[in-house]
Amino acid sequence: KNQVEQSPQSLIILEGKNCTLQCNYTVSPFSNLRWYKQDTGRGPVSLTIMTFSENTKSNGRYTATLDADTKQSSLHITASQLSDSASYICVVRNGEGGKSTFGDGTTLTVKP
Amino acid sequence: GAVVSQHPSRVICKSGTSVKIECRSLDFQATTMFWYRQFPKQSLMLMATSNEGSKATYEQGVEKDKFLINHASLTLSTLTVTSAHPEDSSFYICSATGSSYEQYFGPGTRLTVT
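Draft legend 1. Broad picture of the overall build of chain B. A tally of helices and strands in chain B yields zero helices and eleven strands. In chain B, the order of α-helices and β-strands from amino to carboxyl end is β-β-β-β-β-β-β-β-β-β-β. The C-alpha atoms of chain B give a radius of gyration of 13 Å, which matches the 13 Å a tight globule of 114 residues would have. Overall size of chain B, expressed as C-alpha extent along the three principal axes, is 40 × 25 × 20 Å. Of the contacts formed within chain B by residues at least 6 apart in sequence, a portion of 54% connects residues at least 24 apart. Within chain B, one finds 10 positive and 9 negative side-chain charges whose respective centroids are separated by 7 Å.

Structure, rendered in structure tokens:
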């Protein structure tokens, strides 16, 4: 069964600190992995999209890594800001049929 | 990046009435559109996938006669919640894909059924 598990479920950090969110998946065959940021009451916004051959991809203060062998991905946020408070969702697309499996998300709260 | 819009952003309706939500891809042709619903503090749940010009494919447990989806053009898909009831109150989000891997999400529609 294709699954995407994210950890931690929630995280509270102080402004300016770094944090790393985890995503483990069992989706096979693999097509791509995407990280989204979803603010409360808004639709998800794409942060990064990674294919099989990509190990690291950055988007400003966000850096995603992918280990396709262990089926793990991480999203590292550097120098967190209050506006980073949101839900971060990991989505993995299946290479057969193209169906996407969503993780339950990690709720990040950045406090001043 | 590509833009997907939804209208309305929020709607309040009385039980028993029908509500239509529009999803538009503004600067690209969306060959596939997806409809999701999201309950508070939960992740998105896929309701159906629609390809332009063909019938939508509904996920298990989603009533196709209750949630009518029309994808009449490459830039517009609509979701109609028929005979809405309070338990249909939720956050509905559409997304669209074109020729790339990217899946672009709309801003969502908050439906409240009284």
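Draft legend 2. Layout of the side chain of S25 of chain B. Residues and elements named next belong to chain B. Relative to the elements of secondary structure, S25 occurs in strand β3 (residues 19-25). Taking the relative accessible area as the measure of exposure, S25 reaches 4% and is therefore buried. Apart from residues lying up to four places away in sequence, S25 is in contact with V3, V4, A30, M33, L74 and T75.

Draft legend 3. Region of the structure containing the state of the cysteines. Evaluation of the coordinates by the stated rule reveals two disulfides over all chains. Two residues, C23 of chain A and C90 of chain A, share a disulfide whose sulfurs are 2.0 Å apart. Between C23 of chain A and C90 of chain A, the disulfide has an S-S torsion of -70° and is therefore left-handed. Within this pair, whereas C23 of chain A is found in strand β3 (residues 19-25), its partner C90 of chain A is found in strand β9 (residues 86-94), the two being separated by 67 residues in sequence. Comparing C23 of chain A with C90 of chain A shows no difference in burial state: the two are buried. Between the sulfur atoms of C23 of chain B and its disulfide mate C94 of chain B the distance is 2.0 Å.

Draft legend 4. Structural context of the pattern of salt bridges. Evaluation of the coordinates by the stated rule reveals five salt bridges over all chains. Between K57 of chain A and E54 of chain A there is a salt bridge whose closest N-O contact spans 3.0 Å. Given a relative accessible area of 24%, E54 of chain A falls into the partly exposed group. For the salt bridge of E22 of chain B with R24 of chain B, the shortest nitrogen-to-oxygen distance reads 3.4 Å.

Draft legend 5. Representation of unusual backbone geometry in the model. Of the consecutive residues S28 of chain A and P29 of chain A, the connecting peptide bond is found in the cis state with omega at -10°. Structurally, P29 of chain A can be placed in the loop between β3 and β4 (30-38). Looking along the chain, the bond that leaves H7 of chain B and enters P8 of chain B is cis, with omega of 0°. Looking at the element boundaries, P8 of chain B is found in the loop between β1 (4-7) and β2 (10-13).

Draft legend 6. Seen up close, the environment of R34 of chain A. Residue and element names in this part refer to chain A. Locating R34 in the fold gives a position in strand β4. Sequence-wise, R34 and N18 are 16 residues apart; in three dimensions their C-alpha atoms are separated by 20 Å. A distance of 3.0 Å separates the side chain of R34 from the side chain of N32, its partner in a polar contact. For R34, the side chain forms a polar contact with the side chain of S100, separated by 2.5 Å.

Reading the values: rules and limits
- Residues numbered from 1 in each chain as written.
- Chains lettered and ligands numbered in written order.
- Predicted model: local features only at pLDDT ≥ 70, side-chain atom pairs only at ≥ 80, totals over all residues.
- Heavy atoms only, no water.
- Helix = DSSP H or I, 4+ residues; strand = E, 2+ residues; numbered from the N terminus.
- Rg over C-alpha atoms; globule rule 2.2 N^0.38 Å.
- Contact = heavy atoms within 4.5 Å.
- Lys, Arg positive; Asp, Glu negative; His and termini not counted.
- Charge placed at Lys NZ, Arg CZ, Asp CG, Glu CD.
- Buried < 20%, exposed > 50% of the residue type's maximum accessible area, 1.4 Å probe, protein only.
- Disulfide = S-S within 2.5 Å.
- Salt bridge = Lys/Arg side-chain N within 4 Å of Asp/Glu carboxyl O.
- Polar contact = N/O pair within 3.5 Å; in protein donor to acceptor, adjacent residues only side chain to side chain.

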